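Below are the chains, spelled out letter by letter.
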Amino acid sequence: MVCMQDILHLIHSLMPMRDAARAACVSRSFLHPWICHPNLNFSKYTLGLNENACQKDESARFFYIKVDHILKKHSGIGVKKLKIQINSDYSANKGLVFSTGDELGFPLSHSLALEQLELRNCDRIVFLKVPRLLQRLNYLEVRGCAKLKVIHNEAPNVSSFVFGGDSTVQLSVGETLQMKSLTMDRYGSVSYARAELPSSMPNLEALTIYTFKRAYAPMLCSKLLFLRHLSIALIGAPVYPTYDYLSLASFFYAAPSLETFNLNVSCHSY
């Protein structure tokens, strides 16, 4: 038998985050469902911060205070998706909440139902640890976190990983045999993909690569037997008449099951 509280939880879980927060403010019945809301999406848009240039500092301060307050109050129970997208104007603000990544430790360790985790432009996070307790986590995305040094994932069932950032970031993505989809936006990602992925992520089915420099894919014996979809974007690559873009054909040899291949080359002469 379904009780009224269960119905309220279901209704509340289907609301966008802003509407769910407003409902909790006007009705005590929605207060408990709010601290268990399954989709936490933090951006200046979801928090209603459409500020002009004169309001940037104040809006940034409000953003960090609000996110910090919600994360500390939220039980973590039932969270399926956590997305934090910090505006570039806010990232330079000295009052940034996420200074080391430790602030995410409590909500992550209690969000046992979490399925998706996305972090964008969180410039003060240095070390990101995803705990093993997150058994349901299958999608992890980290982009534009300028001071990030280490990503250490212990969640065992991450099958999709998206990373955009510096090539010096140490990546430990956990059970790599589970990885089915990988997107990388970093220097040297083409060579890395061809040389390292066949042994570290042999079960990849989809691979997307962005790089801003010249790319070279060495001809090796190793293969990605299950790779079906490959996209490579060489963004801002200078024109080098002697550069052999055909080296990328080594991916054809490496991926006998390949079904789609997209190559995007954006060249600039200097």
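Here is what the cut-offs are and how they apply
- Counting from 1, residues in each chain are numbered in the order their sequence is written.
- Only residues with pLDDT of at least 70 are given local features in this predicted model, and only at 80 or more are side-chain atom pairs given and counted; all residues enter the totals for whole chains, interfaces and linings.
- As a rule here, side-chain values come from all non-hydrogen atoms in the structure, and water together with hydrogens is ignored.
- Values of pLDDT, ranging from 0 to 100, describe the predictor's confidence in every residue of the model.
- Note on contacts: a residue pair qualifies if any of its non-hydrogen atoms lie within 4.5 Å across the two residues.
- Pairing of aromatic rings covers Phe, Tyr and Trp, the last counted by its six-membered ring, and requires centre-to-centre distances within 6.5 Å; plane angles under 30 degrees mean stacked, over 60 mean edge-to-face, and any other angle means tilted.
- When a residue's accessible area, from a 1.4 Å probe over protein chains only, is under 20% of the maximum for its type it is buried; when over 50% it is exposed; and in between it is partly exposed.
- Residues grouped as a nonpolar core are buried Ala, Val, Leu, Ile, Met, Phe, Trp, Tyr and Cys residues, joined through side-chain atoms within 4.5 Å.
- The way it works is a 1 Å grid over only the protein atoms, where trapped points that fit a 1.4 Å probe form a cavity and open points with protein on both sides within 12 Å along at least five of seven lines form a pocket, and then any residue with an atom within 4 Å of a point lines it.
- Grid points are joined across faces, edges and corners, and a volume is the space filled by probe spheres set on the points.
- In this description a helix means any DSSP run of H or I spanning at least four residues, a strand means any run of E spanning at least two, and both kinds are numbered starting from the N terminus.
- Charged means Asp, Glu, Lys or Arg here, nonpolar means Ala, Val, Leu, Ile, Met, Phe, Trp, Tyr, Cys or Pro, and polar covers whatever is left, Gly included.
- Segmentation into domains, and thus their bounds, comes from an automatic or database assignment.
- The criterion for strand pairing is that DSSP finds at least two bridges linking the strands in question.
- To obtain an axis, a line is fitted to C-alpha atoms, over the contacting stretch when the element is a helix, and the angle between two such axes runs from 0 to 180 degrees between their N-to-C directions.

Identification of the protein chain as At1g61320/AtMIF1 LRR domain-containing protein from Panicum miliaceum is taken from an unreviewed UniProt entry.

> Residue-level account of the confidence of the model for the protein chain, with values.
Scored by pLDDT, the protein chain comes out at a mean of 78, with 71% of its residues at no less than 70. In the predicted structure, residues 92–96 sits below a pLDDT of 50 and forms twelve contacts with residues beyond four places in sequence or in another chain. Below a pLDDT of 50 lies the segment residues 98–103, which in the model reaches 18 contacts outside its immediate sequence neighbourhood of four places, other chains included.

> Residue-level account of the packing of aromatic side chains, with values.
We describe a pair of aromatic rings using the distance from one ring centre to the other and the angle between the two ring planes. In this structure the tally under the stated criterion is two aromatic pairs. A centroid spacing of 6.4 Å and a plane angle of 20° characterise the contact between Phe161 and Phe163, whose relative ring orientation is stacked. Comparing Phe161 with Phe163 shows no difference in burial state: the two are buried. Consider the rings of Phe252 and Phe261, whose centres lie 5.0 Å apart with planes at 75°: the pair is edge-to-face. With a relative accessible area of 45%, Phe252 lands in the partly exposed category. A relative accessible area of 27% means that Phe261 is categorised as partly exposed.

> How would you sum up the nonpolar core? Please name residues and give values.
Phe42, Leu148, Leu207 and Phe251 are the most contacted members of the largest nonpolar core, which totals 53 residues. Discounting residues that sit within four places of it in the chain, Leu148 has contacts with Ile125, Val126, Phe127, Leu128, Val142, Phe163 and Val169.

> Report on the layout of surface pockets, specifying residues and quantitative values.
Of the voids in this model, the second largest pocket is the one considered here, and its volume is about 220 Å³. Mapped by element, the contributors of at least two residues to the lining of the second largest pocket are strand S8 (170–172), strand S9 (181–185) and helix H7 (189–200). Taken together, the residues of the lining of the second largest pocket sort by class into nine nonpolar, six polar and one charged. A domain-level breakdown of the lining of the second largest pocket finds at least three residues from each of domain 1 (37–174) and domain 2 (180–269).

> Summarise the pairing of strand S6 (residues 150–153); cite the residues concerned and give the values.
Looking at chain direction, strand S4 (residues 127–130) and S6 are connected through four bridges and run parallel. Residue pairing across strands places Phe127 opposite Val150, the latter belonging to S6. Where S6 lies against S8, three bridges are found, and the strand directions are parallel. Bridge pairing links Val150 to Gln170 in S8.

> Break down the sheet that holds S6 for me, citing the residues and quoting the values.
As a general point, the strands of a sheet are linked pairwise by backbone hydrogen bonds and lie either parallel or antiparallel. The strand order across the open sheet formed by three strands is S4-S6-S8, and the pairing between neighbours is parallel. Looking at which strands have only one partner, the edges of the open sheet turn out to be S4 and S8. Put simply, the sheet's adjacent strands are angled 5° from each other on average, direction ignored.

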